[in-house]
Structures are given as C-alpha cells and as structure tokens.
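Coordinate inspection notes
Spelled out from the first residue to the last, the chains are:
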Amino acid sequence: MVPAFEQIMPPLEGETATTTHHSNAGNNGGIDGNKSRVTVVGSGSWGSVAAKLIASNILNITSFHDELKMWVFEETLQSGEKLTDAINRTNENVKYLPGIKLGNNVVADPDLDNAVKDANMLVFVTPHQFIDHICKSLVGKLRSDVEAISLIKGMEVKIEGPCLISTFISEQLGINCSVLMGANLANEIAEEKFSEATVGYRDNREIAEQWVQLFSTPYFMVTPVKDVEGVELCGTLKNVVAIAAGFVDGLAMGNNTKAAIMRLGLREMRDFSKLLFSSVEDNTFYESCGVADVITTCFGGRNRKVAEAFAKNGGKRSFDELEVEILQGQKLQGVSTAREVYEVLRHQGWLESFPLFATVHEICISHLPPSAIVNYSKRKPILPLSEVSAH
Ligand SMILES: NC(=O)C1=CN([C@@H]2O[C@H](COP(=O)(O)OP(=O)(O)OC[C@H]3O[C@@H](n4cnc5c(N)ncnc54)[C@H](O)[C@@H]3O)[C@@H](O)[C@H]2O)C=CC1
Ligand SMILES: O=C(CO)COP(=O)(O)O
C-alpha cells in the first residue's frame, strides 16, 4: 500500500489562475498540429467551471493548443437566442453559470462530433443519466490517442451489476478514463474561493499529473490518488448521504442528528465501496473526494436543498417536480443514485447492512415517510464489514 504522504503531490508551481484572457484562440492552428487539445463534454454549472479552470491553464502550457472546446447540449433561451450563441457572444454560460467569464479561449459548440474530433484530452462532465447516449454517439469518432477524465458523480447499473461511469466510458469508447472528484460546489469555485479536489487514477501516474496540471490553480488544489474506484465511489455515494441530510434539515432535527447521519453515511460509503472493490483504500475517504465532499454537499449542495423541500412538504410533492422548480434546469444525481445503489444492495442481499442507503431510497419513492431517516429499529444494526460477505 502506498503511504498517504507519498500519494500527495503538492500543487504545481507556475500554473496560474488567470482572469486575463488572450484573444489568439484558434489563430495558430496551422503551426499547432502536434499540440494537445482539450474538449469539455458538458456545460452545466460544473462543466462551465471545469472549462474556466482548464482554459486559464492551457494558455500557459506550451504543449497545449490555446483553444478549449466545450460541447453544449443546445437549448433555446427565453430570449429566443441559442445557448451556444449566447455563451460565445458573452463568454458566460448565461443559463448555468451566469456572471462568470469563462475565458476568451473557450469556444462553445453544439455539435458533439465536431467538438471532440481533434481532442486528445476529453473531460466528461454531464449529469450521469445522459452519459449512455453520449458515449453511444461517440463510438468510432475519437482520436486513437485520447485520454479521458470523468467529473460525473453517479453510476450505471447493468444486468451484470454496478458499473462506474469511468468504467462505462472506458468500455464504450475503448479509452483510459481517470476521475476528478471533491468538495467542489461549482458556484464557489467559479468565484475563485479556495477548494481541493482529488484525481483518481488507475496505473499511469504521468497521465494523472497531466490532469492535475490542467485543473490546478492557486485556488484549486488537486491531489492525485491511485484508487480510481475509491475516488469515484466517494463522489457518487455522497449524493445519497446529502439527500438524507436534506431530510434531516427539512424536519428541523438539528445538528447532532445531521452529524449522526453524515457519520453513518460515510461509513456506508466506505463499506459499500470496499465490498464492490477490495482494492479501495481507507485513506481515500480522508481526501477531498471523501469526507470533505460529504460535508460540503450536506451543507451547501443541490441534493440537500431539494431533499429539504421534499421533507418540508411531507413527501407530498415529487422530487421530479421539486427539481424543476428549485433547480431551473440543473439536475439532481442523488435520487437516481439511491435507486441504483438500492438495486445493487437488493441483488447482493446486502440491504440489511446498509440501512441509511436503503432508507433514503424508500423515502424517495414514498414507501417510507421522511421521518424514517432516523428510525432504524425495524432494520438490523450495521454489521461490521467482516460480517458482510461479498456475493
Ligand atoms: N454543480 C456542481 O457543483 C457539481 C457537479 N458535479 C457533477 O458534475 C456532473 C454535471 O453536473 P453539472 O455541471 O452540475 O450540470 P447541471 O446540473 O448544472 O446542468 C445540467 C446539464 O445537463 C444538460 N442536459 C440537459 N438535458 C440533457 C441531455 N438530454 N443530454 C445531455 N445533456 C443534457 C444541460 O444542458 C446542462 O448542461 C454531475 O454528475 C454532477 O454530480 C460535480 C461536482 C460539483
Ligand atoms: O458534488 C457537488 C459538490 O462537490 C455538488 O453537489 P450537488 O449536486 O448536491 O449540488
């Protein structure tokens, strides 16, 4: 096992966060044939911030082309203008991240094939429910030397069992895929408030360091960790814990209860991850992707906010309805992840060992009232991991 201090690489010097934007994007295509090109697939709030971070860095890395392409799921704004046109005209994502300049070297493109065709560094950052369709339409369209990273928090459940989004991308497209997860509320990083993140990688440290270099700024400190499954499962599962925290807030149960729910949730995150992948490291849960993301999402995230409204309404208004009303086009991941986790638990016979995860799903589908979030008397207490057998 690699000791924690050896896994941590300090933020790289010289990669400055900049709000000074060059205007030469795309002008040097002829002499830049061998330069790396980055495309961000997705343009929600986090996708737009990811584009801003990378766009500021590639201007200062000579091996990268200045231009960053960002694929936009096209929509027409209330004004009648296309979102892509509005982004390219104002240099802001006026719908998902208004008021934040992305960098003049960011070019929004609604044509997925065109956006990815020259890229050798691909950043996937869409809500997880759309990745299946996106991957299918990208088959055979990518360069042969593409490296990918997924910022997507969620999972796919296939007949064969659970599938991490990075694995799904790798399998569908035949490419290597790292992950970046962390305590990363997009709106705070957009305002350049200091945050940390974790890059999870499988074998190739050099690639991990390249991703660290592309994302790191003085206000965004990125640490590589050789535990891709652990890092990704942290980012995925904490959204279920955030739903639970939202129920607690909606019922005004107080801070001690919320702390208890967060602790139970973190423990179930660890036990579930280690049952699925024995390689998952305990230390990963102490990185930004683990405990820090649980904390920030349980206090400031969208999953918490919508779950709070659900509980306040006594479960009488559906999550779908509240999502549309509260998030205005942004997407929740926790409710569908709770369902996906539940399917795995039921299939594996692990339901009794994960009372928090199971209860969250049963509340979301109105089998239980929100107050059940603290009522585990009908379930067995959590078994120590050693007593839960992998099937
Ligand atoms: N927003 C945040 O603070 C953070 C989000 N994430 C993760 O990043 C991922 C992306 O989320 P956000 O950028 O927040 O998105 P968002 O929730 O802000 O926006 C929704 C996005 O989905 C797109 N969309 C809608 N219908 C679509 C379709 N049929 N096909 C493809 N795209 C469609 C919209 O155009 C928009 O870009 C999620 O997995 C989320 O968990 C991770 C860290 C922080
Ligand atoms: O993942 C996030 C912060 O790290 C964002 O969480 P929400 O989707 O709940 O806002």
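Look above for the structure.
The following refers to the structure shown. (Residues numbered from 1 in each chain as written. Chains lettered and ligands numbered in written order. Predicted model: local features only at pLDDT ≥ 70, side-chain atom pairs only at ≥ 80, totals over all residues. Heavy atoms only, no water.)

Let's talk about the packing of aromatic side chains
Quick note on the threshold: When the centres of two rings from Phe, Tyr and Trp lie within 6.5 Å, Trp using its six-membered ring, the rings pair. Their planes under 30 degrees apart give stacked, over 60 give edge-to-face, and anything left gives tilted. In this description a helix means any DSSP run of H or I spanning at least four residues, a strand means any run of E spanning at least two, and both kinds are numbered starting from the N terminus. Comment: the charge-over-ring label is applied if NZ (Lys) or CZ (Arg) is within 6 Å of the ring centre and within 35 degrees of the ring normal.
Summed over all chains, the structure comprises 10 aromatic pairs. On the basis of an interplanar angle of 40° and a centroid distance of 6.4 Å, the ring pair of W211 and F215 is categorised as tilted. Pair noted here: W211 and F215 are both in helix α8 (residues 205-215), with a separation of four residues, about one helical turn. Three or more aromatic residues link up through ring pairs in this structure, and these residues are F272, W350, F354 and F357. In this structure, K258 packs its charged tip against the face of F299, placed 4.0 Å from the ring centre.

Let's talk about the state of the cysteines
Spelled out, the test is: Any pair of cysteine sulfurs within 2.5 Å is marked as a disulfide. For the exposure calls, accessible area comes from a 1.4 Å probe over protein chains only, and a residue counts as buried if that area is under 20% of its type's maximum, exposed if over 50%, partly exposed in between.
Under the counting rule described, the total for this entry stands at zero disulfides. C234 supplies the cysteine sulfur nearest to C298, a cysteine that is in no disulfide, at a spacing of 13 Å. With relative accessibility at 0%, the residue C298 sits in the buried group. C298 provides the cysteine sulfur closest to C364, a residue in no disulfide bond, and the two sulfurs are 14 Å apart. Classification of C364 by relative accessible area gives buried; the value is 12%.

Some thoughts on the sheet that holds strand β3 (residues 106-109)
Note the threshold: What makes two strands pair is DSSP finding at least two bridges between them. Here an axis means a line fitted to C-alpha atoms, over the contact stretch when the element is a helix, while the angle between two N-to-C directions is reported on a 0 to 180 degree scale. Residue contacts are defined here by distance: any two heavy atoms, one from each residue, within 4.5 Å place the two residues in contact.
Read across the open sheet, the eight strands follow the order β3-β2-β1-β4-β5-β8-β9-β10; overall the sheet is mixed. What marks the edges here is a single partner per strand, and that holds for β3 and β10 (220-225). Going from strand to strand, the sheet's axes swing by 25° on average, the running direction of each strand aside. Across four bridges, the pairing between strand β2 (residues 64-71) and β3 is parallel. Each bridged residue has a counterpart across the sheet, and for W71 the counterpart in β3 is D109. Of the strands in this sheet, β2 and β3 touch helix α3 (residues 83-90), which is tilted by about 165° from β3.

Comments concerning the packing of helix α10 (residues 255-276) against helix α15 (residues 355-364)
Basically, it comes down to this: Orientation is classified from the angle alone, with under 35 degrees giving roughly parallel, over 145 giving roughly antiparallel, 65 to 115 giving roughly perpendicular, and any other angle giving oblique. Just so you know the grouping, Ala, Val, Leu, Ile, Met, Phe, Trp, Tyr, Cys and Pro go in nonpolar, Asp, Glu, Lys and Arg go in charged, and all remaining residues, Gly too, go in polar.
Interhelical geometry of α10 versus α15 gives an angle of 105° and a closest axis separation of 8 Å. Between α10 and α15, the crossing angle belongs to the class labelled roughly perpendicular. For the pair α10 and α15, the contacting residues are I261, L264, G265, E268, M269 and F272 in the first and P355, L356 and F357 in the second. Tallied by class, residues from the contact of α10 with α15 come to seven nonpolar, one polar and one charged.

Re the pairing of β2
The test is simple: Handedness rule for crossovers: strands pointing away from the viewer, path from the first strand over the helix to the second running clockwise, crossover right-handed.
Where burial is concerned, most of β2 is hidden: eight out of the eight residues are buried. The pairing of strand β1 (residues 36-41) with β2 spans five bridges and is classified as parallel. Across the sheet, residue S36 finds its bridge partner in β2, namely F64. With respect to chirality, the unit in which β1 leads through helix α2 (residues 45-58) into the neighbouring parallel β2 is right-handed.

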